[in-house]
Amino acid sequence: MEEMLFKQMQFVRKRTIAALDATTEHLADEMPGNVKNSIRWNLGHIFVSQDTLLYPFIGEEHHVPKDYLELFAIGSSPHQWKSDPPTLQEIRNFLVEQPIRIQKDFAGKLEERIHQPFKLGEYELTTLGELLSFAIWHEGLHQGAINTIKRAVGTEDLWTKVPEENQLV
């Protein structure tokens, strides 16, 4: 199971990075209609939520900068931001590093039971592997939100890499 979960985590993250790479700095902050969060928020939230969900269950601190917690935590929104958000490149760096670190830190531990079940309604996650599986699903959920925002603002090609000269970074 461990090899399969880590492989799935890497696959899903590569798709997240591909979505990020196909996003300009301007597009990253679009919030069409009644959308509460932007592409930038969704990308930052993927990083923040995965670290803050997983690391406490192995008795370690997460690796999330404090300002990221304020910007990208559940319930937050760019409408509430009081400081400038990180660039896409900065978020990208965290997203690239994270699965490598998670695989190193969680290798050999995914079958371990967690000290207190993580509840999702009536459903309970009881092992580190189940938590990681949930985190992978959650990332895919936010990939869908990113694609929905892109479609809503008229983006036809979701996956073409944005040339550096077109980036505002």
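These notes cover the structure that comes with them. (Residues numbered from 1 in each chain as written. Predicted model: local features only at pLDDT ≥ 70, side-chain atom pairs only at ≥ 80, totals over all residues. Heavy atoms only, no water.)

1. What to know about the pattern of salt bridges
Then step 1. As enumerated under the stated definition, the model contains eight salt bridges in all.
Then step 2. Linking D105 and K104 is a salt bridge whose minimum nitrogen-to-oxygen distance equals 3.2 Å.
Then step 3. Overlapping salt bridges bring together E25, D29 and R40 as one network. (Salt bridge = Lys/Arg side-chain N within 4 Å of Asp/Glu carboxyl O.)

2. Some details on the layout of surface pockets
Then step 1. When its volume is computed, the largest pocket comes out at roughly 290 Å³.
Then step 2. Looking at the largest pocket, it is lined by 18 residues, and the ones nearest its centre are H45, S49, T52, I74 and H138.
Then step 3. Secondary structure elements with two or more residues in the lining of the largest pocket: α2 (39-54) and α5 (128-152).
Then step 4. Here the residues of the lining of the largest pocket sort into ten nonpolar, seven polar and one charged. (1 Å grid on protein atoms, 1.4 Å probe; cavity = no way out; pocket = protein on both sides within 12 Å on 5 of 7 lines; lining within 4 Å. Points joined across faces, edges and corners; volume = space filled by probe spheres on them. Helix = DSSP H or I, 4+ residues; strand = E, 2+ residues; numbered from the N terminus. Nonpolar A, V, L, I, M, F, W, Y, C, P; charged D, E, K, R; others polar.)

3. Notes on the packing of α2 against α5
Then step 1. Between α2 and α5, the shortest axis-to-axis distance is 9 Å and the interhelical angle comes to 175°. One way to sum up the angle between α2 and α5 is to call them roughly antiparallel. On α5, the residues that touch I39, W41, N42, L43, H45, I46, S49, Q50, L53 and L54 of α2 are L131, L132, F134, A135, I136, H138, E139, H142, A145, I146, I149 and K150.
Then step 2. Of the residues assigned to the contact of α2 with α5, the class counts are 14 nonpolar, six polar and two charged. (Axes fitted to C-alpha atoms, helices over the stretch in contact; angles between N-to-C directions. Parallel < 35°, antiparallel > 145°, perpendicular 65-115°, else oblique. Contact = heavy atoms within 4.5 Å.)

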